[in-house]
Amino acid sequence: MTQEFSLTEGKISTTLLRFAVPFLLASFLQALYGAADLYVVGRFDTAAGVSAVAIGSQVMQTITGIILGISTGGTVLLGRCIGEGNPRGAAKAVGTIASSFLLLAVILTPLMLFLTESIVTAMETPQEAAEAAKTYIFTCSAGIPFIIGYNAVSGIFRGLGDSKTPVYFILIACIVNIGVDFLLVGGFGMGAEGAAIATVAAQAISFLAALIYIRKKGFSFPVYKKDFIPDPESALRIWKVGLPLALQDALVNIFFWLSQPL
């Protein structure tokens, strides 16, 4: 059974820190994907490859931030139901999180694949790095379902009051990412493309590990197939909280891009 941790009992500061620190650590580890890619590509590839990965990482970090913001809406909804002692509401929240993020993956993945070239152009990518940047963003965009899946499952864990478990899965992903980076970029000389494949592979393993874990452990409340039919009210609550957070992260990253010297 998946562990639940009460956030409504005990000393506020202690409970808050116990929840917030692992959450911040998981966010930091997610940001390390691009840093790991840059480090390995910088050691084994050309300056154009480094430029391509730097640009591609900025784009994918923005996408990840948007997804994380929306997943926070799911965390808040589920946490509220748990705090209220509402098992049916919690089951609907879990199902709605799953179905909403599946829909998000279906929409966002092809959109990013289609917009890859336009994004590279809008980022004013140096000509010598343009093709590598397209390859990096296109390959990483193909892995968006895994980014969404991991953040959806992590949002469920956090809604149950458990912010530690997602850290383990993202730590596994970081280790896999670095290992595959060295294999493909250093060993096979695949440059930015190898770094992108390593990132997608790491995200896939992270998501599958989290999914297997949560399916094996189950919940303290029953979840039925009918709960995975999106509940409009629950979905609205998720987006009402998550969308402003996603927009905030997107705007911060966009303004950061614009502030960079040409």
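Predicted model, so just to flag it, every value in this text is computed and none were measured. (Residues numbered from 1 in each chain as written. Predicted model: local features only at pLDDT ≥ 70, side-chain atom pairs only at ≥ 80, totals over all residues. Heavy atoms only, no water.)

For Val200, the location among the structural elements is in helix 7 (residues 191-217). With 27 residues separating them along the chain, Val200 and Ala173 place their C-alpha atoms 9.5 Å apart. In this structure Val200 touches Thr139, Cys140, Gly143 and Phe146, once residues within four positions along its chain are discounted. (Helix = DSSP H or I, 4+ residues; strand = E, 2+ residues; numbered from the N terminus. Contact = heavy atoms within 4.5 Å.)

Another point: the environment of Leu160. Its location among the elements puts Leu160 in the loop between helix 5 (144-159) and helix 6 (165-187). Along the sequence, Leu160 and Ser71 sit 89 residues apart, while their C-alpha atoms lie 13 Å from each other.

Attention now goes to the packing of aromatic side chains. As enumerated under the stated definition, the model contains 6 aromatic pairs in all. Between Phe157 and Tyr213, the aromatic rings sit 5.8 Å apart at their centres with planes inclined by 50°, giving tilted as the arrangement. Here Tyr213 lies in helix 7 and Phe157 lies in helix 5, a separation of 56 residues in the sequence. Overall, the relative accessible area of 30% leaves Tyr213 in the partly exposed class. (Phe/Tyr/Trp six-rings, centres within 6.5 Å; stacked < 30°, edge-to-face > 60°. Buried < 20%, exposed > 50% of the residue type's maximum accessible area, 1.4 Å probe, protein only.)

Taken by themselves, the reported measurements are silent on function.
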